[in-house]
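Analysis of the macromolecular model
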Amino acid sequence: MLEPLSQKPTFPHRHLLGIAGLSAQDLTFLLDLAEEAVGVSRQIEKKRTSLRGRTLINLFFEASTRTQSSFELAGKRLGADVMNMSVATSSVKKGETLLDTAMTLNAMRPDIIVVRHAKAGAVHLLANEVDCSVVNAGDGAHEHPTQALLDALTIRRNKGRIEGLVVAICGDILHSRVARSNILSLSALGARVRVIGPSTLLPAGIENMGVEVFRRMEEGLAGADIVMMLRLQRERMDGGFIPSLKEYFRFYGLDEEKLALAKPDALVMHPGPMNRGVEIASRVADGPQSRIREQVEMGVAVRMAVLEALSQHLPNG
Amino acid sequence: MTYRVSPETPPPLALVNARLVDGAADCERRGGVLVLDGDIAAVGPEVTAAALPAGVPVIDCCGDVVTSGLIDMRVFVGEPGAEHRETIASATAAAAAGGVTTLLTRPDTFPPVDEAAVVDFLLRRARDTGRVRLLPTAALTKGLRGEEIAEIGLLLQAGAVAFSNGTHSVRNAQVMRRLLAYARDFDALTIHYAVDEDLVGDGVMNEGERASRLGLAGIPREAEAVMLDRDIRLVNLTGARYHAALVTTTLSVEVIRAAKAAGLPVTCATSINHLTLNENDIGEYRTFLKVAPPLREEDERLALVEALAEGVIDVIVSDHDPQDVETKRLPFAEAEFGAIGVETMLSAGLRLVTSGHLTLPRLIRALSTRPAEILGLPQGRLAVGAPADLIRFDPGEPFVVNRKKLHSRCRNTAFDQARLEGRVKLTLVGGNTVFALSETGEALLS
């Protein structure tokens, strides 16, 4: 178990499995730490030593370029040895290998495992079986906590605050772990969160999750400080949630005309990868209000902060 | 049909100084039961130790409840083809320990129970390895595919007591209409798991805020009600006897209530899980609480308890479904549905009595008497001439469920570490003792 710590930990969690369970204080702590990491990442000498000698495993059951490379870079900048494992899912059913893989990796004595899995709850299941810290890099439609943190950091750096801002999260809320984590974190930090999407892409009971619900972009975008677009999970569209991509773009895609309904200084965000011409027009994605590239930079900083915060709980940490 | 678990005539026995609970009379009184030749020979306050003929062994029940053994209408016994999950020996051992003296087996085995030979196999295996009465439910349609009517007449002759497709629904309304019409000719009971599989889709838990927060696909209550609605219209058309295998929502309760008010030959069951647990018990993805239909909201649970107290819901089943580690230690969406429950059904049900929602006779009525009435069985009541399928328990005796001590081959109980009351102390089937607790609380299987 844990060694007694010389000082009281400032981040009282061993794992980061989701935003649920974190307090506003925890979130602010991580954001402040990430702010420092932004500075580190902009120096020529980017290396720190807080994870020196530690082993970080990126265990991705679902392909991801952005998140995986972001965690890899974050780990390396903190001095950890980073191993990337993309688990092939062709021969065996995904779930069957999950715990076996976890136990195998656990035996190699890693300090932190970063996990992405296609099924909600898979990361919880794994965290119960291993001895090291676990970071959720996205589990099904459940949570993607580091994405929510990097979004919060991007907003805070641009607007100077989060409290009181009107944030509109738009599109496929139903299948989006990014939406769930962002609803939790931004609400906890005092923002007014709206979700906008067609009824077929809104989860049941969403109105009880502390958000305002809109079915039309025109209504939901009015007065928004932040417009957060979600990727339309096209691979999940076979069930016929929407009639066509053309119709979706017409009513729910963010173009300049719809963006004009938000506040003039509204920021446009997207967790990537984008479907240009489906949920967002290129002119908006590349326009002056877009912060999409900055989000990627903040991603590395936030992941450095998370790894560092969790390292306080590692044995001999 | 009835057959003796043991071919020999059991010895006489008297249970005295008991709290007699009769689900049929909806009452309780002090007294005793005299068992002769495997049947109840006398029952009531006049059966006392002093009044008994000499030579009859007497058990002083010290004020414990004595009532008719439970009849569980939905149990998966693993045979044939899934013996790694359960066997008739293990399922009936669990049943005996839980006070269940008659169980109906689910037909969705491997192969399914869609031929007379499989019914015969089950009855022979039960005779050779079973501890309590086992009654086969046969398939409604061949291969459970929902396309062709099974050989209902031949299966009945072989010993099937009812017809069901297990966890499958008959999707095609024309097939359902024809099989109900055909079943009516044989006065066969159709037990249907009414669920619209299209509305279920890839859903894994009750649709609503909890599922949305967990990122799990939801199953709407309507998935059940839509199919049940269709079925009731077809029952109205055909006049067949129909039993809804599992009713878990207020929407379905209303459908059943209306059907009964219209005088249709309709009955229904709900599971002990849906009466005593709700979706919040899933917590952080506890797959042992992944059942089908899914656990609902607390309001729905309370409405089910109320419908049971009113008699709109007739029967409580355990929906015993053993699943091994390989199918449960998975991400929630990938794990199998199902929980074991035959051994804990009575104790879990007593929670409803303790909470004041249900009287003890009403509970026993749903667990024993109503199933017997629906199936036309002579047991399920404390009456002279009925088979001596009896259980004894102290409804106030507390214990903690330990999944490792249950008799099933699988451990997937939704009640692990639950604090329950009322362990079964003695189970008789046809006058034979099939389960007894020792003075020290050790389970003794005969």
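About the criteria used
Residues numbered from 1 in each chain as written. Chains lettered and ligands numbered in written order. Predicted model: local features only at pLDDT ≥ 70, side-chain atom pairs only at ≥ 80, totals over all residues. Heavy atoms only, no water. Core = buried A, V, L, I, M, F, W, Y, C linked by side-chain atoms within 4.5 Å. Buried < 20%, exposed > 50% of the residue type's maximum accessible area, 1.4 Å probe, protein only. Helix = DSSP H or I, 4+ residues; strand = E, 2+ residues; numbered from the N terminus. Pairing = 2+ DSSP bridges. Axes fitted to C-alpha atoms, helices over the stretch in contact; angles between N-to-C directions. Polar contact = N/O pair within 3.5 Å; in protein donor to acceptor, adjacent residues only side chain to side chain. Contact = heavy atoms within 4.5 Å. pLDDT = per-residue confidence, 0-100.

Counting 102 residues, the largest nonpolar core has Y242, I316 and L346 of chain B as the members making the most contacts within it. Counting residues per element, this core draws most heavily on helix α1 (residues 88–97) of chain B, which supplies six residues.

Attention shifts here to the sheet that holds strand β1 (residues 55–60) of chain A. Residue and element names in this part refer to chain A. The four strands lie next to each other as β2-β1-β3-β4, forming an open sheet whose pairing is parallel. Strands at the two margins of the open sheet, each flanked by one partner only, are β2 (81–86) and β4 (133–139). For this sheet, the mean angle separating the axes of adjacent strands, direction not counted, is 15 degrees. Summarising the sheet, β1 and strand β3 (residues 112–117) pair through five bridges and their orientation is parallel.

Turning to the pairing of strand β1 (residues 13–22) of chain B, a few remarks are in order. Residue and element names in this part refer to chain B. For β1, a buried count of eight out of 10 residues is recorded, marking the element as mostly surrounded by other parts of the structure. By the bridge criterion, eight bridges tie β1 to strand β2 (residues 27–36) in an arrangement that is antiparallel. Each residue of the ladder has a partner; that of L15, found in β2, is V33. The turn linking β1 back onto β2 is made up of four residues, and D26 within it adopts a positive phi angle of 55 degrees. Relative to strand β5 (residues 65–68), β1 is paired through three bridges, and the arrangement is parallel. Across the sheet, residue L20 finds its bridge partner in β5, namely V66.

Examined against the element boundaries, H142 of chain A turns out to sit in the loop between β4 and α5 (145–159). A polar contact of 3.0 Å, which involves the side chain of H142 of chain A, links it to the side chain of Y285 of chain B. Apart from residues lying up to four places away in sequence, H142 of chain A is in contact with A120, G121, H124, R177 and R180 of chain A together with R213, L214, G215 and Y285 of chain B.

Okay, the confidence of the model for chain B next. Looking at chain B, pLDDT values average 95 and 98% of them are 70 or higher. Interface confidence for the predicted complex, expressed as ipTM, amounts to 0.89; the pTM equals 0.92.

The next subject is the sheet that holds strand β6 (residues 192–196) of chain A. Residues and elements named next belong to chain A. Strand order in the open sheet formed by five strands is β7-β6-β5-β8-β9, with parallel pairing between adjacent strands. Both outer strands of the open sheet, β7 (212–214) and β9 (267–269), are each paired with one neighbouring strand and no more. Looking at each pair of strands side by side, their axes are set apart by 20 degrees on average, direction ignored. With three bridges connecting them, β6 and β7 associate as parallel partners. Each residue of the ladder has a partner; that of I196, found in β7, is F214. Of the strands in this sheet, β8 (226–229) and β9 are in contact with α5, which crosses β9 at around 165 degrees.

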